[in-house]
Amino acid sequence: HKIGFPHPLEKLRRPTDVSHIWPLSNSTGLEHGVQQKYGRFRNRVSQLIHEYGQELGWTTSIEVKGKGIKAGRHGVHVDYIEALLETKILVVTQRDAWEDHYRLMEALVSGACVFSDFMFGLPAGLQNGTSIVLFKTKDELKSLISYYLGHDAE
């Protein structure tokens, strides 16, 4: 038997241009139980996406979906799944001094275009520019998002 989805994930209506599932500020992060002790880089990426979105007219979502820390990772919160499925570009950033985690894998199965900060070793099977888009600088993040939002077929 051939099993599949009635509609391919990449064909879903995605009203949000760019999502970074991390709080924009410490106060909103604390409300959701997000410990930002090791999230300085993530914090900066949230700020940049917010600024670029305002400057370039992107529809952005920069917030925690569901619950943070241990409370949110015992299951999958519906708000989190909806965010993955309603976004064109998902930006996944690693914890400070950390590479590779399950949020990257969750983003990849969503059908969205997935961006990540540079990693020295990508998980097996992933290739930069094909299955994932890596960025190293804030200017690269901005230009790559602009490019991919303008080129849906890629």
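For the structure itself, consult the block above.
What you see is a predicted model, and the numbers here were worked out from it, not measured in a lab. (Residues numbered from 1 in each chain as written. Predicted model: local features only at pLDDT ≥ 70, side-chain atom pairs only at ≥ 80, totals over all residues. Heavy atoms only, no water.)

Caption draft 1: Structural context of the overall build of the protein chain. Assigned secondary structure in the protein chain consists of six helices and five strands. In the protein chain, which comprises 154 residues, the share counted as buried stands at 39%. In the protein chain, once contacts between residues fewer than 6 apart in sequence are set aside, the share between residues at least 24 apart is 60%. Accessible area of the protein chain: about 9400 Å², with a carbon and sulfur share of 54%. (Helix = DSSP H or I, 4+ residues; strand = E, 2+ residues; numbered from the N terminus. Buried < 20%, exposed > 50% of the residue type's maximum accessible area, 1.4 Å probe, protein only. Contact = heavy atoms within 4.5 Å. Areas by Shrake-Rupley, 256 points an atom, 1.4 Å probe, with all protein chains shown as cover.)

Caption draft 2: View of helix H6 (residues 138-150). Helix length check: H6 (13 residues) gives 19 Å between terminal C-alpha atoms against 18 Å at 1.5 Å per residue, within 8%. Where H6 is concerned, the buried positions are Leu141, Ile145, Tyr148 and Leu149. Buried residues along H6 cover an arc of 100° about the axis, so they all sit on one side. In this structure, H6 carries Asp139 and Gly150 as exposed residues pointing more than 90 degrees from its buried face. Buried residues along H6 sit against strand S1 (16-20), helix H2 (40-56), strand S3 (87-92), strand S4 (113-117) and strand S5 (133-135). (Expected span 1.5 Å × (residues − 1). Arc of directions from axis to C-beta.)

Caption draft 3: Here's a closer look at the environment of Thr60. Inspection of the secondary structure assignment puts Thr60 in strand S2 (residues 60-62). In this structure, the C-alpha to C-alpha distance between Thr60 and Thr16, residues 44 residues apart in sequence, is 5.9 Å. Discounting chain neighbours no more than four positions away, the residues touching Thr60 are Thr16, Val18, Ile49 and Gly53.

Caption draft 4: Structural context of the packing of aromatic side chains. Evaluation of the coordinates by the stated rule reveals four aromatic pairs. Ring plane angle 85° and centroid distance 5.4 Å describe the contact between Phe118 and Phe120, whose orientation is recorded as edge-to-face. Residue class for Phe120 comes out exposed when judged on its relative accessible area of 76%. Ring centres of Tyr147 and Tyr148 lie 5.2 Å apart, and the angle between their planes is 90°; this geometry places the pair in the edge-to-face category. One aromatic cluster is present, built from ring pairs that chain together Phe115, Tyr147 and Tyr148. Sitting above the plane of the Trp22 ring, Arg42 keeps its charged end 4.6 Å from the centroid. Above the ring of Phe118, the side-chain terminus of Lys136 is found at 4.7 Å from the ring centroid. (Phe/Tyr/Trp six-rings, centres within 6.5 Å; stacked < 30°, edge-to-face > 60°. Lys NZ or Arg CZ within 6 Å of the ring centre and 35° of its normal.)

Caption draft 5: Seen up close, the nonpolar core. Membership of the largest hydrophobic core comes to 16 residues, with the highest contact counts inside it found for Val18, Ile49, Ile89, Val91, Phe115, Leu141 and Ile145. Excluding residues within four positions of it along the chain, Leu141 makes contact with Val45, Ile49, Tyr52, Phe115 and Phe135. One finds Leu84, Leu90, Val92 and Leu104 within the second-largest nonpolar core, a separate group that totals twelve residues. (Core = buried A, V, L, I, M, F, W, Y, C linked by side-chain atoms within 4.5 Å.)

Caption draft 6: View of the pattern of salt bridges. Scanning all chains against the criterion turns up four salt bridges. The residue Lys88 makes a salt bridge to Asp17 at a minimum N-O spacing of 2.9 Å. Here Lys88 is found in strand S3, whereas its partner Asp17 is found in strand S1, with 71 residues between them in sequence. Taking relative accessible area as the criterion, Lys88 reaches 33% and is therefore assigned partly exposed. (Salt bridge = Lys/Arg side-chain N within 4 Å of Asp/Glu carboxyl O.)

Caption draft 7: Quick peek at the sheet that holds S1. Taking strand neighbours across the sheet as the criterion, the five strands line up as S2-S1-S3-S4-S5 in an open arrangement whose pairing is parallel. A strand with exactly one partner marks an edge of an open sheet, and here the two such strands are S2 and S5. Strand-to-strand twist of the sheet, defined as the mean angle between neighbouring strand axes without regard to direction, takes the value 20°. Of the pairings in the sheet, the one linking S1 to S3 comprises three bridges and is parallel in character. Within the sheet, the bridge partner assigned to Ser19 lies in S3 and is Leu90. Docked against the sheet, H6 engages S1, S3, S4 and S5, running at close to 155° with respect to S5. (Pairing = 2+ DSSP bridges. Axes fitted to C-alpha atoms, helices over the stretch in contact; angles between N-to-C directions.)

Note that all results are geometric; they support no functional claim without further evidence.
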